[in-house]
Amino acid sequence: GCGGGSTSASTGTATMNITDAPVDDENVLGVHLAFDAVHYKPAGSEWVVEELNETRVINLLDLQDGNSTLLTAQTELPVGRINQIRFIINPDMSFIELVDRNDSLTVPSQVEKVVGGFVVPAGGDINITADFDLRKSLVLDSKGYKLKPTIKIVDNSQVGEVSGTVSNIDGNTTVIVYAYANDTFDEAQETSNDFANAATSSDATDGNYTLAWLTAGTYDLVVVELDVNGQNPTVLGVVQDVVITEDGKTTQDIDIQSL
């Protein structure tokens, strides 16, 4: 992207990255989203438009388990609070990659707006990440797949991650680990609404998981098993009071038999 202008006491810069949480649909091999621009709305002033040099097509499914990619570097912005962000999507170049074919991806709005932003430091650069969380955003209906993005913006200096192994699981089923803010998990509610209130998730079917881009705090890790068809979630257990520190990496191994 563009950017990289000089800064002063009244301006700073922002570097924008993209990441994703995994999607549960095993038929989906890739979600390719085309970006044309990013717009920033500072408090008390007009939108700042950051046009990409060319449309950037990013496969969001490549950006799981803490991986991310750079979208724009050092966009010059006024010092202070950025209240909103808009991602300008090119629907004609966006598509979904399925097991047996590529298909169009309906993006209901060409402009995906995020309310809630970050603070630009005077004369410095803030590194931020947009988590698109496909598990909550990708919808399948009678007309095909739609993307209704659920996007979370995080300041990279204020987040951490937890990773580890999950042992004694059935190799024929899918295992997902969800992170919930401390004491917010309600099994009856969450199993019926597809775990929509989880902060993030990670596929642990291979015995390993990484939950990244978590704001510093205390979380409960919920281990869920799906049947051979990827349906009928069963909660295998909960690991409580896992502490995430800013810019820290926590290790939490999980033994299903001990939950």
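Look above for the structure.
Only a predicted model underlies this, so the values are computations on that prediction, with no experimental measurement involved.

1. Digging into the overall build of the protein chain
Move 1: The secondary structure content of the protein chain amounts to two helices and 20 strands.
Move 2: Against the 2.2 N^0.38 benchmark of 18 Å for 259 residues, the protein chain shows a C-alpha radius of gyration of 19 Å, consistent with a compact globule.
Move 3: Over its C-alpha atoms, taken along the principal directions, the protein chain stretches across nearly 55 × 40 × 25 Å.
Move 4: Burial analysis of the protein chain (259 residues in total) assigns 46% to the buried set.
Move 5: Of the contacts made within the protein chain by residues no fewer than 6 positions apart, 75% connect residues no fewer than 24 positions apart.
Move 6: Accessible surface for the protein chain amounts to roughly 11800 Å². Of this, 42% is attributable to carbon and sulfur atoms.
Move 7: Here the protein chain carries 13 positive and 39 negative side-chain charges, and the mean point of each set is 11 Å from the other.

2. A look at the sheet that holds strand E4 (residues 69-78)
Move 1: Reading across the sheet, the four strands line up as E4-E1-E9-E12 and stay open at both edges, with mixed pairing between neighbours. The open sheet terminates on both sides in strands that have one partner only, identified here as E4 and strand E12 (152-155). If you compare each strand with its neighbour and ignore which way they point, the axes differ by 25° on average.
Move 2: In this sheet, E4 lies alongside strand E1 (residues 11-19) in antiparallel orientation, the contact comprising seven bridges. Residue Gly12 lies in a different strand from E4, and its bridge partner there is Leu77.

3. Let's talk about a negative patch on the surface
Move 1: The grouping of Glu26, Asp65, Asp203 and Asp206 at the surface amounts to a negative patch.
Move 2: Here Glu26 shows up in the loop between E1 and strand E2 (28-42).

4. Observations concerning the nonpolar core
Move 1: Counting residues in each nonpolar core, the largest one holds 38 residues, and the members touching the most others are Ile18, Phe35, Ile85, Phe87 and Phe118.
Move 2: Core analysis: the second largest hydrophobic core is formed by 17 residues, Val177, Ala179, Tyr209 and Ile244 among them.

5. Quick look at the pairing of strand E11 (residues 144-147)
Move 1: As paired elements, strand E10 (residues 138-141) and E11 share four bridges and run antiparallel to each other. Bridge pairing links Val139 to Lys146 in E11.
Move 2: In this antiparallel pair of consecutive strands, E10 and E11, the connection spans two residues.

6. Here we look at the environment of Asp155
Move 1: On the secondary structure map, Asp155 appears in strand E12.
Move 2: Since its relative accessible area comes to 17%, Asp155 is described here as buried.
Move 3: Sequence separation of Asp155 and Trp213 is 58 residues, and the distance between their C-alpha atoms is 8.9 Å.
Move 4: The residues touching Asp155, leaving out its near neighbours within four places in the chain, are Ile126, Asn127 and Ile128.
Move 5: Within the structure, the side chain of Asp155 is placed 2.9 Å from the side chain of Ser157, a separation counted as a polar contact.

7. Re the pattern of salt bridges
Move 1: Scanning the model with the defined rule gives four salt bridges in all.
Move 2: Salt-bridge contacts for Asp141 lead to Lys146; the nearest nitrogen and oxygen are separated by 3.5 Å.
Move 3: Given a relative accessible area of 24%, Lys146 falls into the partly exposed group.

8. Thoughts on unusual backbone geometry
Move 1: Notably, Asp65 is not glycine yet its phi reads approximately 55°, a positive angle.
Move 2: Tracing the sequence through the fold places Asp65 in the loop between strand E3 (48-59) and E4.
Move 3: Although it is not a glycine, Asp194 adopts a positive phi angle of roughly 60°.
Move 4: Note on placement: Asp194 falls in the loop between helix H2 (187-192) and strand E15 (200-203).

9. Examining the sheet that holds strand E18 (residues 234-244)
Move 1: Spatially, E15-E14-E17-E18 is the arrangement adopted by the four strands of the open sheet, whose pairing is antiparallel. Sheet topology places E15 and E18 at the edges, where each strand pairs with a single neighbour. Neighbour-to-neighbour, the strand axes of this sheet turn through a mean angle of 20°, independent of strand direction.
Move 2: Sheet analysis places strand E17 (residues 217-226) next to E18, joined by eight bridges and oriented antiparallel. Among the inter-strand pairings, Gly217 is bridged to a residue of E18, identified as Ile244.

What counts as what
Residues numbered from 1 in each chain as written. Predicted model: local features only at pLDDT ≥ 70, side-chain atom pairs only at ≥ 80, totals over all residues. Heavy atoms only, no water. Helix = DSSP H or I, 4+ residues; strand = E, 2+ residues; numbered from the N terminus. Rg over C-alpha atoms; globule rule 2.2 N^0.38 Å. Buried < 20%, exposed > 50% of the residue type's maximum accessible area, 1.4 Å probe, protein only. Contact = heavy atoms within 4.5 Å. Areas by Shrake-Rupley, 256 points an atom, 1.4 Å probe, with all protein chains shown as cover. Lys, Arg positive; Asp, Glu negative; His and termini not counted. Charge placed at Lys NZ, Arg CZ, Asp CG, Glu CD. Pairing = 2+ DSSP bridges. Axes fitted to C-alpha atoms, helices over the stretch in contact; angles between N-to-C directions. Patch = residues over 30% accessible without salt bridge, like charges linked within 9 Å, V, L, I, M, F, W, Y side chains within 5 Å. Salt bridge = Lys/Arg side-chain N within 4 Å of Asp/Glu carboxyl O. Core = buried A, V, L, I, M, F, W, Y, C linked by side-chain atoms within 4.5 Å. Polar contact = N/O pair within 3.5 Å; in protein donor to acceptor, adjacent residues only side chain to side chain.

Fair warning: the whole summary comes from geometry, so function is off the table for now.
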